[in-house]
Structure formats: structure tokens, C-alpha cells
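# Analysis of the macromolecular model
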Amino acid sequence: SVKIAYIGTMGEEDDKIEFDRNEEGFTFNVGMGSVIQCWDEQIMTMNVGERATITCPAETAYGEERVGPIPPNTDLTFEVWRKK
């Protein structure tokens, strides 16, 4: 299990929209399908204290689903840091 803090954005570099932020972090089990696929794939390689930018193509994020403010078929970017 890992604890990850993050800032989630969508859109182009010069027109990014922040759609979610959790700087306290939340805990989940990596590789169990409890988060979007791109997180499962990329977070398992991170060490405690490490920061990373994760770019999630729509097919490894929410695909054709609308989730909250995120339209279908949207690529996402996350600034993430592993806490514990």
C-alpha cells in the first residue's frame, strides 16, 4: 500500500484546468485496480518522498466515461508525490 498526494489537471500546457487536488494524500493498494490504470502502472515504481509527473492518455484514465468535471476521452496529467 502507498500514500500518494497529487494535483490533477487536464488540457493543454497553456490552458490547464485543475480538476482535483489532495495534498494530504490518500492510501491505496497498488496493482489492485482501485485507481486508474496509469496510476497503477506508474506509481509502483516510486520511492517514498519521490515526486513525478504522470501523463495519462484517456484510455488509461477514464476512457469514454465522464467523471465529475472530466469529459469523456480526456488525457490527464498528475503531479504526484509519495508520502509513505
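Look up: the structure comes first, before these words.
Here is a short report on the structure shown in this document. (Residues numbered from 1 in each chain as written. Predicted model: local features only at pLDDT ≥ 70, side-chain atom pairs only at ≥ 80, totals over all residues. Heavy atoms only, no water.)

## Describing the environment of Cys38
The following threshold applies: Each helix corresponds to a stretch of at least 4 residues labelled H or I by DSSP, and each strand to a stretch of at least 2 residues labelled E; elements are numbered beginning at the N terminus. Relative accessibility under 20% of the residue-type maximum defines a buried residue, over 50% an exposed one, and the middle range a partly exposed one, all with a 1.4 Å probe and only protein chains included. It only takes one pair of heavy atoms within 4.5 Å for two residues to be counted as in contact.
Structurally, Cys38 can be placed in helix H1 (residues 37-43). Cys38 gets classed as buried once you look at its relative accessible area, which sits at 1%. Each C-alpha atom of the pair Cys38 and Tyr62 lies 10.0 Å from the other, and the pair is 24 residues apart in sequence. Apart from residues lying up to four places away in sequence, Cys38 is in contact with Ile54, Cys56 and Thr60.

## Notes on the sheet that holds strand S2 (residues 17-28)
Applied cut-off: Strand pairing follows a simple DSSP-based rule, namely that at least 2 bridges must link the two strands. Axis definition: a line fitted to C-alpha atoms, over the contacting stretch in the case of helices. Angles run 0 to 180 degrees between N-to-C directions.
As summarised here, the arrangement of the four strands in space is S2-S1-S4-S3, forming an open sheet in which the pairing is antiparallel. Edge positions in the sheet fall to S2 and strand S3 (51-56), since each of these pairs with one other strand and no more. Shown here is a sheet whose adjacent strand axes are inclined to one another by a mean of 20°, direction ignored. In the sheet, S3 pairs with strand S4 (residues 76-82) via six bridges, with the strands oriented antiparallel. Residue pairing in the sheet places Thr55 in a bridge with Thr77 of S4.

## Observations concerning the pattern of salt bridges
The condition is simple: We define a salt bridge as a contact between a side-chain nitrogen of Lys or Arg and a carboxyl oxygen of Asp or Glu at a distance within 4 Å.
Applying the stated criterion across every chain, the model contains two salt bridges. Here Glu23 makes a salt bridge to Arg21, at a shortest N to O gap of 2.4 Å. Classification of Glu23 as partly exposed rests on a relative accessible area of 39%. Arg21 gets classed as partly exposed once you look at its relative accessible area, which sits at 40%. It is possible to trace a salt-bridge network through shared partners that takes in Glu18, Arg21 and Glu23.

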